[in-house]
Structure formats: structure tokens, C-alpha cells
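Analysis of the macromolecular model
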Amino acid sequence: MRLTTRTRFSLLLTALLTPALGHAGALPPLDADWQLQKEDDNIRIYTTEVKDSDFEAFKAVADLDVSMAELMAVMINPESCLEWVHNCAASEAFGDGNFHDRYAYSVNDMPWPVQDRDYVLRIRTHGDRQSGVVEMDLNAVPGARAEDDDYVRVDKSDTLYRFEPLGPQRTRMTWVQHTEPNGAIPSWLVNSLVIDIPVKSMRSLEKVAHKPRYAGYRLVYNDQGELVNVVKSGHAEGDDD
């Protein structure tokens, strides 16, 4: 099937906006002047302008019928990108990171003639027992891994994932992201396409989190009430899952 120019740009943008996870300095705050752009069932999409950038940031808020533990089980799996992120063709952890601070590498498969994109992310995770909130910062760190000539490296992307428990089997996810895409892509086109990408991904995430492989996980906190791990129920903190 022949792809239109707009479709190719849409697929390219999907790759460039693929998540990276804390509070990235380049991101607008959660209480910024966000403008509601779309409401689709349980998902709301907002955008706002970013200083010194032609590209808007987006904030996606979704109330998901999934427990916090199930969602976090997905998030700690370095290969889960393949399950819920559109066009994710490869995903892996690398380096000597830990639960709180680690690195991931991903590749997005792009249709001809667009070259595939890859990105390197630093992922920082923190949470506390009292509020139940867990936050993940994903920030592009392109120099942390050698470039591959087969791909175009995304060098600037900042993302916040915030998870807030609404009940035993319900979680509010807030996803804030701003990306400066590489290449000559008109800003008006990028800003018109960011609305649908988080909607599709969050729908997939809710379905994926219900898979049997992500059942039976629990959050582990230290004596200070800080989140230190996500493990399979019945396993000790240091066990492999």
C-alpha cells in the first residue's frame, strides 16, 4: 500500500515521541497553562507551548483499570516497549544501572524511505509509600551509547510518567513529554499529530498490563517508605523475576 506524505510524517513522529522516564528540567510543570485538545473515553490530551521551541509539549492523563503493581511490572521490563509503544522494533537495558537509575536502548522501525530511529534513555524512578505515587523520568542521553550508522539518533527528548493509585485496581497515569525531532519536519505538522500518539499507546498499555506475565507483582519499600523495587509476590527483594 502506498503511503501518503502525511502518513509517513505520522509514523516518523510516533518514533520520535517514543517514551523516554522524574522531573526533566525541559518539561513544563503539571500545572502549566495546558490546553485540552482531545478527550477520548478515559484519556485526555493537553498541549502547551515550550519556550524557545517550535514544538509543543503534550500532557496525557488516563484513568486506567489496572493496579499500580501491574503497571509497574510492565515499566520495569526493558522489553515492554515492544508490547505497548507503537513501532518499537527493539528494546533492551544496558549498563550497570539499578532500579532507581538505569539506561535503556530502543529502535523504532520506520517505513521506507524514512530511516529507522534509535534512542538512548536514562530512566530514573522514585516513589513513596505514604502518597502511593510513583514517578519515572526518561531523558535522552544520546552519547551514552555509540551511534549505529543504520539509524538516526534522537538526541533531545524528555518525558515524565506519573502513576497515582485511585483504588486497588485503578491507577491514574500522567504522561508529559517534549521532543525536538531531528530532521526537517515542519512544526505545524508535528504539533497537529502529537494528539493521537499517546492515546494509542495508553490504550495498549492498559491491555498489556492485564497479561498473565504481569500478574502477582508487589511494590517493595524501605524503612523510610521509599520505593526500592517491584518484585513477584513470594520472591525476596533480590530475586530474579
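The structure under discussion appears in the preceding block.
Heads up: these notes are all about the structure in this document. No experiment lies behind these values; they were computed from the predicted model shown. (Residues numbered from 1 in each chain as written. Predicted model: local features only at pLDDT ≥ 70, side-chain atom pairs only at ≥ 80, totals over all residues. Heavy atoms only, no water.)

1. Description of the overall build of the protein
From N to C terminus, the protein includes 5 helices and 12 strands. Counting across all 241 residues of the protein, residues that qualify as buried make up 51%. Total accessible area on the protein stands at roughly 11,800 Å², and carbon and sulfur atoms take up 45% of it. (Helix = DSSP H or I, 4+ residues; strand = E, 2+ residues; numbered from the N terminus. Buried < 20%, exposed > 50% of the residue type's maximum accessible area, 1.4 Å probe, protein only. Areas by Shrake-Rupley, 256 points an atom, 1.4 Å probe, with all protein chains shown as cover.)

2. Overview of the pattern of salt bridges
Evaluation of the coordinates by the stated rule reveals 10 salt bridges. In this structure, Lys211 and Glu83 form a salt bridge, with 3.3 Å as the shortest nitrogen-oxygen distance. Residue Lys211 is located in the loop between α5 (196-208) and β11 (217-221), and its partner Glu83 is located in helix α3 (residues 81-84); the two are separated by 128 residues in the primary sequence. Since its relative accessible area comes to 23%, Glu83 is described here as partly exposed. Here Glu83 and Arg213 are joined by a salt bridge, their closest N and O atoms 2.4 Å apart. (Salt bridge = Lys/Arg side-chain N within 4 Å of Asp/Glu carboxyl O.)

Geometry only, nothing functional implied.
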